[in-house]
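Structural overview for review
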Amino acid sequence: MKKTLAAALALAMVLGLAACGGGNNGGGSQTPPPPSGGSSTSQTGGSSAGGSNVATPAGPVANKDKPLVWYNRQPSNSSTGELDMEALSFNDDTYYVGFDANQGAELQGQMILEYITANIDTIDRNGDGVIGYVLAIGDIGHNDSIARTRGVRKALDTAVEDGGAIKSDAVGINQDGKATAVKDGKLTIGGKEYTVRELASQEMKNSAGATWDAATAGNTIGTWVSTFGDQIDVVASNNDGMGMAMFNAWSKENKVPTFGYDANADAVAAIGEGYGGTISQHADVQAYLTLRVLRNALDGVDIDTGIGTADDAGNVLSDDVYKYVDSERSYYALNVAVTAANYTDFLDSTKPFGPVSAQLSTDSHPTKSVWLDIYNAADNFLSSTYQPLLQNYDDLLNLKVEYIGGDGQTEGNITNRLGNPDQYDAFAINMVKTDNAAAYTSLLG
Ligand code: BGC
């Protein structure tokens, strides 16, 4: 009896696959495969709120043909920033989900400049006519980090170009303004000219090699303060994890405006206590897209379903919150500045985005299993904002997700835990280093 049922199911799945032709590459819409039942092959993680929470068997699809989404760290060369198109087009159902790094970086720079302009009468703490800032850099080889460093330097007129691109190297200590990666900027505000100096910048990497390291930033601000004292008028950071570490260690008490990125809940709340501002990279939209592209590929429907085109539950995104660049196989969420003027709207950073928060039915979207890793379980943004959002959406999209948290240092710590890819229907990957896509695709290939 059991055997007959299994054989019938296998046949139904083969027919279903044949009917939808396997891939679904943003072309015309396709008929979803018939729902299939079966025994669970899935692991811990999300459950389906819409009905059965038993994942359908992974079936006969080869691992190399299963849907794959890269997220948060875009496969690219960490020295040149060049995209790794081989990884981004690993198969017909491969995509990247992130956010528009340049638009966000520009916003961050503008936000800081606007703050300085609005507070020019009090910003220069020692009244020497030089507005001094320090900058915490996340990962000198990460394209988001590079963009943010450039955005701040461009807005504050401290940028130096090299071959048409703004330099993004850390300067270390730049007390005399002679560093070659930056220059002293000039800002004219209220008819008066001010000099702006990047007093110091450093990649916040701990001794074990983890980047974007908040604890390192919290210690480093102490060193910077003992070197520069009240020359520091502004603190800028490539993210909120490091920004909040510096705020809590020093700038809050000393009332020095500190700016980060990510709109993590603690940072947004701190705006009420003097944190200068942050940028929302619309993690609520990104987390949705991360799982949605997998859902669509697994359903064999047009990839735009529930994204630019409403799905059967009414989920749809408007084009002011994301863009898709086909030549890069990438979805990018758009950023929003979060300041004293609007922060109360952003206090809950883990709430699903309203227009895409409708539950899918398990009849037409049967539960599937997904393997997903987070490069560093201790990363503030990914653990306090992104993962809780993913956990909300996995229920809504009927995906049973196994979450793997890495150590932030070695790819092997994560890939070791993808021992049996056959068990999963799809994969969501967050690499330690943007260069390392092959460490994952070789396991699937
Ligand atoms: C976030 C950082 C985070 C990094 C991890 C960035 O997009 O802004 O906070 O540490 O991703 O890759």
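Worth saying up front: this structure is predicted, and the values here are computed from it rather than measured. (Residues numbered from 1 in each chain as written. Predicted model: local features only at pLDDT ≥ 70, side-chain atom pairs only at ≥ 80, totals over all residues.)

Let's talk about the site of the ligand
Stated formally: A molecule or strand has a residue near it when that residue's C-beta atom, placed from backbone coordinates, lies within 6 Å of it. Amino acid classes used here: Ala, Val, Leu, Ile, Met, Phe, Trp, Tyr, Cys and Pro are nonpolar; Asp, Glu, Lys and Arg are charged; the rest, including Gly, are polar. Those domain boundaries reflect an automatic or database domain assignment.
The local shell around the ligand consists of Asn72, Arg73, Gly138, Asp144, Trp212, Asn239, Gly241, Tyr261, Asp262, Asp379, Phe381 and Leu382. Partitioning the shell around the ligand into residue classes produces four nonpolar, four polar and four charged. When residues of the shell around the ligand are assigned to domains, at least three fall in each of domain 1 (63-99 + 283-332 + 342-444) and domain 2 (120-256).

Observations regarding the packing of helix H6 (residues 214-228) against helix H7 (residues 240-254)
Quick note on the threshold: Note on definitions: angles span 0 to 180 degrees between N-to-C directions of axes, and those axes are lines fitted to C-alpha atoms, for helices only across the stretch in contact. Under the DSSP-based scheme used, a helix requires at least four consecutive residues in state H or I and a strand at least two consecutive residues in state E, with every element numbered from the N terminus. Angle categories: roughly parallel below 35 degrees, roughly antiparallel above 145, roughly perpendicular from 65 to 115, and oblique for all the rest. Take the far helix as your reference; a near helix turned counterclockwise from it by less than a right angle gives a left-handed crossing, and one turned clockwise gives a right-handed crossing. A pair of residues counts as a contact when their C-beta atoms, built from backbone coordinates, are separated by no more than 7 Å.
Contact pair H6 / H7: the axes reach a minimum separation of 8 Å and the direction vectors enclose 45°. By the angle between their axes, H6 is oblique relative to H7. Handedness of the H6/H7 crossing: right-handed. Two secondary-structure elements touch here, H6 through Ala214, Ala215, Ala217, Gly218, Ile221, Gly222 and Val225 and H7 through Gly241, Met242, Ala245, Met246, Ala249 and Trp250. Partitioned by chemical class, the residues of the contact of H6 with H7 number 10 nonpolar, three polar and no charged.

A look at the environment of Ser79
Here is the rule we go by: For the exposure call, what matters is how many other C-beta atoms sit within 10 Å of a residue's own: 20 or more marks it buried, 12 or fewer exposed, and in between partly exposed, using C-beta atoms placed from the backbone.
Within the secondary structure, Ser79 sits in the loop between strand E1 (68-71) and helix H2 (85-88). Residue classification places Ser79 among the exposed positions, given that 9 C-beta atoms sit within 10 Å. Along the chain, Ser79 and Gly141 lie 62 residues apart, while their C-alpha atoms are 6.0 Å from each other.

Some points on the pairing of strand E13 (residues 330-333)
Basically, it comes down to this: For two strands to pair, DSSP has to find at least two bridges joining them.
Pairing analysis gives four bridges linking strand E2 (residues 94-99) to E13, with the strands arranged parallel. For Tyr96, the partnering residue across the bridge sits in E13 and is Ser330. Summarising the sheet, strand E12 (residues 322-325) and E13 pair through four bridges and their orientation is antiparallel. Looking at the pairing, Val325 lines up with Ser330 of E13.

Thoughts on the nonpolar core
Applied cut-off: What makes a nonpolar core is a set of buried Ala, Val, Leu, Ile, Met, Phe, Trp, Tyr and Cys residues, with links drawn between C-beta atoms within 7 Å.
Residues Val69, Leu294 and Val370 are the most contacted members of the largest nonpolar core, which totals 62 residues. Ranked by residue count, the leading element in this core is helix H9 (residues 283-299), at 10 residues. If sequence neighbours within four positions are ignored, Val370 has contacts with Leu294, Leu399, Lys400, Val401, Tyr424, Asp425, Ala426, Phe427 and Ala428. Core analysis: the next-biggest nonpolar cluster, separate from the first, contains 44 residues, Ile112, Ile116, Met244 and Tyr343 among them.

So, the packing of H9 against helix H10 (residues 380-396)
The N-to-C vectors of H9 and H10 enclose an angle of 50°; their axes lie 9 Å apart at closest approach. By the angle between their directions, the pair H9 and H10 is classed as oblique. Seen from above, H9 lies across H10 with right-handed handedness. Contacts between H9 and H10 involve Ala283, Asp284, Ala287, Tyr288, Thr290 and Leu291 on the former and, on the latter, Thr385, Tyr386, Leu389, Leu390, Tyr393 and Asp394. Class assignment for the residues of the contact of H9 with H10 results in eight nonpolar, two polar and two charged.

With respect to the confidence of the model for the protein
Note the threshold: Confidence of the prediction at every residue is given by pLDDT, a number between 0 and 100.
On average, residues of the protein score 89 in pLDDT, and 87% of them are at 70 or above. Taken together, the stretch residues 1-52 has pLDDT below 50 and engages in 99 contacts with residues farther than four places along the chain or on a different chain.

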